[in-house]
Amino acid sequence: MVSSQHEAMHHLLRKDPGVFARTIRDLGLPFPDPVDVSLLPTDLTEIGPLERRVDTLLRIETQEDVILLLVEAQRRHDKSKRGSWAYYLAHLYAKYNIEPVLLIICEDADTAAWATGPFTIGPPLWTSLTVHPLVFGPHNVPAVTDLDTATKDVPLATLSAITHVNDSAIGAIMEPLAAALRTLDEEDRRIFAELTELGLGDSPAANIWRQLMAVDLSFFRSETSQRLRAEGAAQGKAEGKAEGKAEGKAEAILDVLAQRRIAVPAEARDRITACTDHVQLTTWLGRAITIETITDLFD
């Protein structure tokens, strides 16, 4: 079954394929900026009962060359990929006569190290085929933690959040990304906010992101933000906007702590809910995803 995280990464590359070129340049592998991108059919099934379907297939044309970019999201080790990835590359080259590149996107370093391969096909005495994927993961996608970089390249900041979802730095990545979204037009803001939510999946970081969007970005239309706004309206329109934002951030902090099963004594809960300093609440919200005890939150 294709997960929401799979979908987010593929839609991100379809929205801005240039993020691929900009990311591999950070790895010291120059790749020209795309001048034309086409989304190709992902069904590679031939006559027969076995279905073969890739996640995303892009035809990327640059000033110098044309390549096929085959994108797969991988969340764990899978022995069957040795054969299916080799099939994808061979079939695509035979069908289009264009050099293919296999890009694997991972969200943890262990899976990324495995996916790098190389994967060989053939007996031990003679290798007939070698598959060498290009892998994006927390080990090589930069952690975008400053506002200037996030503002200049929102797609890269979004990819950074998705690939670093399990890292301790995720809170520091999401805050500048949320701020950078305000510089975009309404449609792009909505798209990248939704892609980030999908990409974070069911992680604790996803809850922080939903709360950030619900209290700070009126354009966000996720199910979570709609529910929060509806609940806020039911409690009475008399509550001030600033007070509502503070309450939303306080609730987000408590939700994350509850998901991570960190004990919150009554005194600490009262301190969080009574706080009206948005800067302080945002700091606590970022810490909530990485701390080990409630004391760490206030330190």
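Note that the structure is predicted; figures quoted are calculated from it, not measured.

S.K.: Even after reading the chapter, I still don't get helix H3 (residues 81-96), so can you show me in this structure?
M.R.: Think of an α-helix as 3.6 residues a turn; residues three or four steps apart then line up on the same face. Between its first and last C-alpha, H3 extends 22 Å over 16 residues, near the 22 Å set by a 1.5 Å rise per residue. For H3, the full list of buried residues reads Lys81, Ser84, Trp85, Ala86, Tyr88, Leu89, His91 and Leu92. Summarising the contacts, the buried residues of H3 are in contact with strand E2 (56-61), strand E3 (66-73), strand E4 (100-105), helix H4 (109-115), strand E5 (119-121) and strand E6 (129-131). Note on H3: the residue one or two positions beyond its end, Asn97, has a positive phi of about 55°.

S.K.: Is there a simple way to explain the side chain of Arg210 in this structure?
M.R.: Here Arg210 is to be found in helix H9 (residues 204-216). Among the polar contacts made by the side chain of Arg210, one reaches the main-chain carbonyl oxygen of Gly201 at a distance of 3.3 Å.

S.K.: Explain the environment of Ala86 here, please?
M.R.: Relative to the elements of secondary structure, Ala86 occurs in helix H3. Using a relative accessible area of 7% as the deciding quantity, one classes Ala86 as buried. Between the C-alpha atoms of Ala86 and Leu129, which are 43 residues apart in sequence, the distance is 7.9 Å. Ignoring anything within four residues of it in the chain, the contact list for Ala86 reads Lys81, Ile121, Leu129 and Val131.

S.K.: Help me understand the pairing of E2, please; the structure alone is not making it clear to me.
M.R.: Look at any regular strand and the pattern is simple: side chains alternate between the two faces of the sheet. Note that E2 and E3 share 6 bridges and pair antiparallel. Pairing of Ile60 across the sheet is with Ile67, part of E3. In this structure, the hairpin formed by E2 and E3 is closed by a connection of 4 residues.

S.K.: Quick question: what am I supposed to make of the packing of helix H6 (residues 154-163) against helix H7 (residues 170-181) here?
M.R.: Two quantities define a packed helix pair, namely the angle between the helix axes and the distance between the axes. Where H6 contacts H7, the axes come no closer than 10 Å and their chain directions differ by 150°. As judged from the angle between their axes, H6 and H7 are roughly antiparallel. Considering the relative orientation of H6 and H7, their crossing is left-handed. Across from Val154, Ala157, Thr158, Ser160 and Ala161 in H6, the residues of H7 making contact are Ile170, Ile173, Leu177, Ala180 and Leu181. Classifying every residue of the contact of H6 with H7 by side-chain character gives 8 nonpolar, 2 polar and no charged.

S.K.: Just to check I follow, could you spell out helix H8 (residues 186-200) for this structure?
M.R.: Between its first and last C-alpha, H8 extends 21 Å over 15 residues, near the 21 Å set by a 1.5 Å rise per residue. Listing the buried residues of H8 in full gives Arg189, Phe192, Ala193, Leu195, Thr196, Glu197, Gly199 and Leu200. Two or three places before Asp188, at the start of H8, stands the capping residue Asp185, its side-chain oxygen 2.9 Å from that residue's backbone nitrogen. Remark: Gly201 follows H8 within two positions and exhibits a positive phi of approximately 60°.

S.K.: Help me understand the packing of aromatic side chains in this model?
M.R.: Geometrically, a pair of aromatic rings is defined through the distance of the ring centres and the angle of the planes. The full count for this structure, using the stated rule, is 5 aromatic pairs. For the ring pair Trp85 and Phe119, a centre distance of 5.6 Å and an interplane angle of 75° mean the geometry is edge-to-face. Placement of Trp85 in helix H3 and of Phe119 in strand E5 is noted, with a sequence separation of 34 residues between them. Each member of the pair, Trp85 together with Phe119, is buried. An angle of 70° between the planes, with centres 6.4 Å apart, marks the rings of Tyr87 and Tyr88 as edge-to-face. Note on Tyr88: relative accessible area 6%, which makes it buried. An aromatic cluster of at least three residues, connected via ring pairs, comprises Trp85, Trp114 and Phe119. For the cation-ring pair, Arg271 lies above Phe298, with the distance from its terminal atom to the ring centre recorded as 4.1 Å.

S.K.: Just to check I follow, could you spell out the environment of Asp148 for this structure?
M.R.: Summarising the element assignment, Asp148 is placed in helix H5 (residues 147-152). A C-alpha to C-alpha distance of 8.2 Å links Asp148 and Ala180, two positions 32 residues apart in sequence.

How each quantity is defined
- Residues numbered from 1 in each chain as written.
- Predicted model: local features only at pLDDT ≥ 70, side-chain atom pairs only at ≥ 80, totals over all residues.
- Heavy atoms only, no water.
- Helix = DSSP H or I, 4+ residues; strand = E, 2+ residues; numbered from the N terminus.
- Expected span 1.5 Å × (residues − 1).
- Buried < 20%, exposed > 50% of the residue type's maximum accessible area, 1.4 Å probe, protein only.
- Contact = heavy atoms within 4.5 Å.
- Polar contact = N/O pair within 3.5 Å; in protein donor to acceptor, adjacent residues only side chain to side chain.
- Pairing = 2+ DSSP bridges.
- Axes fitted to C-alpha atoms, helices over the stretch in contact; angles between N-to-C directions.
- Parallel < 35°, antiparallel > 145°, perpendicular 65-115°, else oblique.
- Left-handed = near helix turned anticlockwise from the far one by under 90°.
- Nonpolar A, V, L, I, M, F, W, Y, C, P; charged D, E, K, R; others polar.
- Phe/Tyr/Trp six-rings, centres within 6.5 Å; stacked < 30°, edge-to-face > 60°.
- Lys NZ or Arg CZ within 6 Å of the ring centre and 35° of its normal.

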